[in-house]
Amino acid sequence: MSPREITVQPLTADAFAPFGEVLDASGAPDRIINAGLCGRHHDLAKLDFGPDGRAGISIFNAQARSLPYQLDLLERHPEGSQAFLPLTGAPFLVIVAPDEGDTPGTPLAFLTAPHQGVNFHRGTWHGVLTPLAEPGLFAVVDRIGTSPNLDEYPLDPPYVIKG
Ligand SMILES: NC(=O)N[C@@H](O)C(=O)O
Ligand code: NI
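Residues numbered from 1 in each chain as written. Chains lettered and ligands numbered in written order. Predicted model: local features only at pLDDT ≥ 70, side-chain atom pairs only at ≥ 80, totals over all residues. Heavy atoms only, no water.

- By the naming in an unreviewed UniProt entry, the protein chain goes by Ureidoglycolate lyase and is assigned to Sulfitobacter pontiacus.
- UniProt's Pathway (unreviewed entry) comment on the protein chain is quoted here verbatim: "Nitrogen metabolism; (S)-allantoin degradation."
- UniProt lists a comment for the protein chain under the heading Function (unreviewed entry), and it reads "Catalyzes the catabolism of the allantoin degradation intermediate (S)-ureidoglycolate, generating urea and glyoxylate. Involved in the utilization of allantoin as nitrogen source." (UniProt positions renumbered as here; feature names shortened; annotations may be inferred.)

Encoded structure:
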């Protein structure tokens with residue numbers, strides 16, 4: 001059976017809208033602050049940590065992957081959103097999939113532009129943080145809580161994501 005292949009596409013707000021928000025400094029800032037020395041791109045993401053959770057900021061130091069990339073797992077966080085904010089200018093891989101009857105449909109793979117981040121809405125099927133260059137340093141804003149917040153879905157056969 002030929003591997004299920006997916007070709008990456010550029011990350012755009014419209015294409016990503018069903019899954020979450022793209023976080024970047026594109027366009028004019030919403031506010032000019034700090035004595036005119038700073039543009040604020042204000043309130044860009046729909047953050048959601050549920051009634052029993054709270055917001056947390058963590059730093060991920062993830063190993064870089066390369067294309068073609070074998071995607072063998074999707075996951076989702078039913079109790080909260082999750083944002084990946086790169087701490088370098090390197091593009092990274094963002095993988096999402098529509099929900100089809102409580103299981104993921106065909107994934108989509110996006111390549112970020114430098115300094116673009118993403119926020120996955122609560123329950124969005126996604127691939128784990130996938131840097132394409134070292135260091136894979138990211139700030140991650142997601143739910144901190146005591147109740148479970150992870151559904152995993154192994155992909156067999158896996159998908160192969162191509163550049
Ligand atoms: N497990 C964890 O903290 N990270 C994952 O949710 C991920 O999407 O990388
Ligand atoms: Ni996640």
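1. Section: the confidence of the model for the protein chain
Inference 1: Chain-level pLDDT for the protein chain is 97 on average; 98% of the residues reach the 70-or-more range.
Inference 2: Across the interface, the model reports ipTM at 0.95; the global pTM reads 0.96. (pLDDT = per-residue confidence, 0-100.)

2. A word on the environment of Glu79
Inference 1: As for its placement among the helices and strands, Glu79 is situated in the loop between β7 (69-76) and β8 (82-86).
Inference 2: For the pair formed by Glu79 and Arg122, sequence separation is 43 residues and the distance between their alpha carbons is 6.2 Å.
Inference 3: Once residues lying within four places of it in the same chain are set aside, the contact partners of Glu79 are Asp48, Phe49, Gly50, Arg122, Arg143, Pro148 and Asn149. (Helix = DSSP H or I, 4+ residues; strand = E, 2+ residues; numbered from the N terminus. Contact = heavy atoms within 4.5 Å.)

3. Notes on the site of ligand 1
Inference 1: Contacts to ligand 1 come from Phe60, Glu75, His77, Gln82, Phe84, His126, Val128 and Leu129.
Inference 2: Within the contact set of ligand 1, an oxygen atom lies 2.9 Å away from a side-chain nitrogen or oxygen of His77.
Inference 3: With respect to ligand 1, the side chain of Gln82 contributes an N or O atom lying 3.0 Å from an oxygen atom.
Inference 4: In the complex, 71% of the free accessible area of ligand 1, which totals 270 Å², lies under the protein chains. (Near = heavy atom within 4 Å. Polar contact = N/O pair within 3.5 Å; in protein donor to acceptor, adjacent residues only side chain to side chain. Areas by Shrake-Rupley, 256 points an atom, 1.4 Å probe, with all protein chains shown as cover.)

4. Notes on the coordination of the nickel ion (ligand 2)
Inference 1: With distances of 2.1 to 2.2 Å, the protein atoms coordinating the nickel ion (ligand 2) are Glu75 (OE), His77 (NE2), Gln82 (OE1) and His126 (NE2).
Inference 2: Taken in chain order, the donor set of the nickel ion (ligand 2) reads E-x1-H-x4-Q-x43-H. Here Glu75 and Gln82 have matching classes, each one buried. (Donors = N, O, S within 2.8 Å, 3.2 Å for Na, K, Ca; no water. Buried < 20%, exposed > 50% of the residue type's maximum accessible area, 1.4 Å probe, protein only.)

5. Side note on the sheet that holds strand β13 (residues 117-120)
Inference 1: Here 5 strands make up an open sheet; going across it, the order is β3-β13-β8-β16-β6 and the pairing antiparallel. The open sheet terminates on both sides in strands that have one partner only, identified here as β3 (20-23) and β6 (54-62). Strand after strand, the sheet turns through a mean of 15° between neighbouring axes, direction not considered.
Inference 2: The sheet contact formed by β6 and strand β16 (residues 136-144) spans 9 bridges and is antiparallel. When the bridges of β16 are listed, Ser58 appears paired with Val140. (Pairing = 2+ DSSP bridges. Axes fitted to C-alpha atoms, helices over the stretch in contact; angles between N-to-C directions.)

6. Regarding unusual backbone geometry
Inference 1: For the bond from Leu67 to Pro68, the omega torsion is 0°, close enough to zero to count as cis.
Inference 2: With respect to the helices, strands and loops of the structure, Pro68 is situated in the loop between β6 and β7.
Inference 3: Of the consecutive residues Asp156 and Pro157, the connecting peptide bond is found in the cis state with omega at 0°.
Inference 4: Here Pro157 lies in strand β17 (residues 151-162).
Inference 5: A positive phi angle is found at Asn34, which is not glycine, with a value near 55°.
Inference 6: Locating Asn34 in the fold gives a position in the loop between β4 (31-33) and β5 (38-40).
Inference 7: Located in the positive-phi region is Asp43, a residue other than glycine, with phi close to 55°.
Inference 8: Here Asp43 lies in the loop between β5 and β6.

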